[in-house]
Amino acid sequence: MDYGFIALIAGFALILLGVWGILTQKNIIKIIIGFSVFDTGLHVVMVGLGFIKGRTAPIIGESVSAYNAVNTVVDPVPQALVLTAIVIGLGVTALMLAYAVKLQGHGKSLDISSYEDLKW
Amino acid sequence: MAKNIAVILLLLAMGTLFYNLADNFQAADSLNETATYYAENTADEVGTANIVTAIVVTYRGLDTLGEVTILFLTAAIVAFLLKGNTSGVERETRDSSELLKTAAGVITPLIFLLGAYIFINGHLTPGGGFQGGAVIASGLILLLLAKPESKAATGLFAVVESISGLAYVALGIAGIFLAGGFLDNSILPLGKVGDLMSAGAVPVIYILVGLKVGSELAGLLAKFHSMQGDK
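Residues numbered from 1 in each chain as written. Chains lettered and ligands numbered in written order. Predicted model: local features only at pLDDT ≥ 70, side-chain atom pairs only at ≥ 80, totals over all residues. Heavy atoms only, no water.

A. Quick look at the environment of B:Gly214. All names here are of chain B. Assignment of secondary structure puts Gly214 in helix α8 (residues 202-227). Note on Gly214: relative accessible area 2%, which makes it buried. The residues contacting Gly214, other than those within four sequence positions of it, are Gly133 and Ala137. (Helix = DSSP H or I, 4+ residues; strand = E, 2+ residues; numbered from the N terminus. Buried < 20%, exposed > 50% of the residue type's maximum accessible area, 1.4 Å probe, protein only. Contact = heavy atoms within 4.5 Å.)

This is the structure:
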């Protein structure tokens, strides 16, 4: 059991929790929170995939010399990707919240089941 | 009832998928080819101490430009959706406590300073433009909480955001003429790895990204804040 594997399991658990929240909650704000938890789970999984046992952060300094970085650092690529993904997730969350504000303004309710316009 | 069963079935299916993924997971014990290239060449080619920064700002700089664009689009769409306090009624706000007001006055400059430190040192330490920008936005939201009646300077946010966005693109285009290509950071001297004045254009780009993200997030938060209690 290294940290990468633990991160993988924790990330999958967060993803399942988030999907459960999105599917079962009635309050729109709680659905958005579910989405955020789902998103965070994905990030944890991605960072966990880049982990290599016994290695350190990809920053050249005292413990990592510029010419031995290959053998001392974890994979920097997933970390850079997660940095991007966090920002996109934030944008999506902000859009959903703005939409929730709009819905509340129109229908005076944050309960998803009171909006049946698109129900088939 | 049928809905609950469907939810449980879906979660079980996802769980099985994840179980298989985790079961077959083989932890890597060395870097793959791309990561090896980045780890070997970052110090010489980009001159940043933080390899993640080198990937985000220089190797995959175009992605970051797209990311900043997405954030800008989000801010624009939220501003469009939440535009106008149409009721015209002044919102009644309770005065915030003396404690909050005084503390906000003392702490906010420190928060701004920390945010600036984080994005100026983005090429040396963990952190960078997005993180520093988020810290700055958190300082602004503290100000909004302490003085709810104050009109947030949304016009100023828009100006800072536009100028830094334009300057980012201009720096990228300067790379085509002065260095190897779009967003190449060697238009400024690379310097010695680990120095504050190193890594070419990376610190400049991260300062611009920090300002842009900070003003964008602050604008977003101010928009949500102005909608609060609005019917």
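Following the structure, the description resumes.
B. Looking closely at the nonpolar core. Counting 51 residues, the largest nonpolar core has B:Leu31, B:Val56, B:Tyr168, B:Ile205 and B:Val209 as the members making the most contacts within it. Of all elements in the fold, only α3 (69-72) and α4 (76-107) of chain A together with α2 (33-46), α3 (51-59), α4 (61-81), α6 (129-146), α7 (154-178) and α8 of chain B reach the threshold of two or more residues within this core. If you tally residues by element for this core, the top one is α8(B), at 10 residues. When sequence neighbours within four positions are dropped, the list of residues in contact with B:Ile205 reads B:Val57, B:Tyr168, B:Leu171 and B:Leu183. In this structure, A:Val45, B:Val7, B:Phe18 and B:Ala22 belong to the second largest nonpolar core, which totals 11 residues. (Core = buried A, V, L, I, M, F, W, Y, C linked by side-chain atoms within 4.5 Å.)

C. Local environment of the UniProt feature "transmembrane region" (unreviewed entry) in chain A. Residue and element names in this part refer to chain A. Here the UniProt-annotated "transmembrane region" (unreviewed entry) positions come out as residues 6-24, 31-52 and 80-101. Annotated as residues 6-24, this span is 100% helix and 0% strand, and its ends, taken at the C-alpha atoms, are 27 Å apart. The span residues 80-101 shows a helical share of 100% and a strand share of 0%, and its end C-alpha atoms are spaced 32 Å apart. (UniProt positions renumbered as here; feature names shortened; annotations may be inferred.)

D. Representation of the interface of chain B and chain A in the model. Listed as interface residues are 50 residues of chain B and, on the opposing side, 44 residues of chain A. Of the roughly 3900 Å² buried between chain B and chain A, counting both surfaces, carbon and sulfur atoms make up 79%. Scanning the region where chain B abuts chain A turns up zero salt bridges. Our count for the chain B to chain A interface comes out at four residue pairs in polar contact (both at pLDDT 80 or more). Of all elements in the fold, only α1 (2-23), α2, α3, α4, α6 and α8 of chain B reach the threshold of two or more residues within the side of chain B that touches chain A. When residues in the side of chain B that touches chain A are grouped by element, the largest group, nine residues, is from α1(B). Its residues placed into classes, the side of chain B that touches chain A shows 35 nonpolar, nine polar and six charged. (Buried area = accessible area lost by both parts, 1.4 Å probe. Salt bridge = Lys/Arg side-chain N within 4 Å of Asp/Glu carboxyl O. Polar contact = N/O pair within 3.5 Å; in protein donor to acceptor, adjacent residues only side chain to side chain. Nonpolar A, V, L, I, M, F, W, Y, C, P; charged D, E, K, R; others polar.)

E. Inspection of α2(B) at higher detail. In this model, α2(B) (14 residues) spans 18 Å end to end at C-alpha, consistent with the 20 Å of a helix rising 1.5 Å per residue. At B:Glu40, α2(B) is deflected by roughly 45 degrees, the largest bend along its length. All of the buried residues along α2(B) are B:Ala35, B:Thr36, B:Tyr38, B:Ala39, B:Asn41, B:Thr42, B:Ala43 and B:Val46. Looking at the buried positions of α2(B), the neighbouring elements they touch are α3 and α4 of chain A together with α3 and α8 of chain B. Where α2(B) terminates, the next one or two residues include B:Gly47, which has phi positive at roughly 80 degrees. (Expected span 1.5 Å × (residues − 1). Bend = angle between axes of the 7 residues up to and from the residue.)

F. Structural view of the side chain of A:Asp75. Within the fold, A:Asp75 resides in the loop between α3 and α4. Within the local environment of A:Asp75, its side chain forms a polar contact with the backbone nitrogen of A:Val77, the two atoms lying 3.1 Å apart. In this view, A:Asp75 contacts A:Gly50, A:Ile52, B:Leu31, B:Asn32 and B:Ala35; residues no more than four positions away in its chain are not counted.

G. Highlighting the packing of aromatic side chains. Scanning the model with the defined rule gives six aromatic pairs over all chains in all. Ring geometry for A:Tyr3 against A:Phe51: centres 6.0 Å apart, planes inclined by 80 degrees, an arrangement best described as edge-to-face. Of this pair, A:Tyr3 sits in helix α1 (residues 3-24) while A:Phe51 sits in the loop between α2 (28-49) and α3, and the two are 48 residues apart along the sequence. Overall, the relative accessible area of 64% leaves A:Tyr3 in the exposed class. Considering the side-chain rings of A:Phe12 and B:Phe18, the 4.3 Å spacing of their centres and the 5 degrees angle between planes classify their relative orientation as stacked. Here A:Phe12, found in helix α1, pairs with B:Phe18, found in helix α1, and the two come from separate chains. Each member of the aromatic cluster is reached from another via a ring pair, and the members are B:Tyr37, B:Tyr38 and B:Tyr59. (Phe/Tyr/Trp six-rings, centres within 6.5 Å; stacked < 30°, edge-to-face > 60°.)

H. Layout of the packing of α6(B) against α8(B). Residue and element names in this part refer to chain B. Taken N-terminus to C-terminus, the directions of α6 and α8 make an angle of 35 degrees; their axes are 7 Å apart at the nearest point. Our pair here, α6 against α8, has a crossing hand that is right-handed. Contacts between α6 and α8 involve Gly129, Phe130, Gly133, Ala134, Ala137, Leu140, Ile141 and Leu144 on the former and, on the latter, Tyr206, Val209, Gly210, Val213, Gly214, Leu217, Ala218, Leu221, Ala222 and His225. Looking at the contact of α6 with α8 residue by residue, the class counts come to 13 nonpolar, five polar and no charged. (Axes fitted to C-alpha atoms, helices over the stretch in contact; angles between N-to-C directions. Left-handed = near helix turned anticlockwise from the far one by under 90°.)

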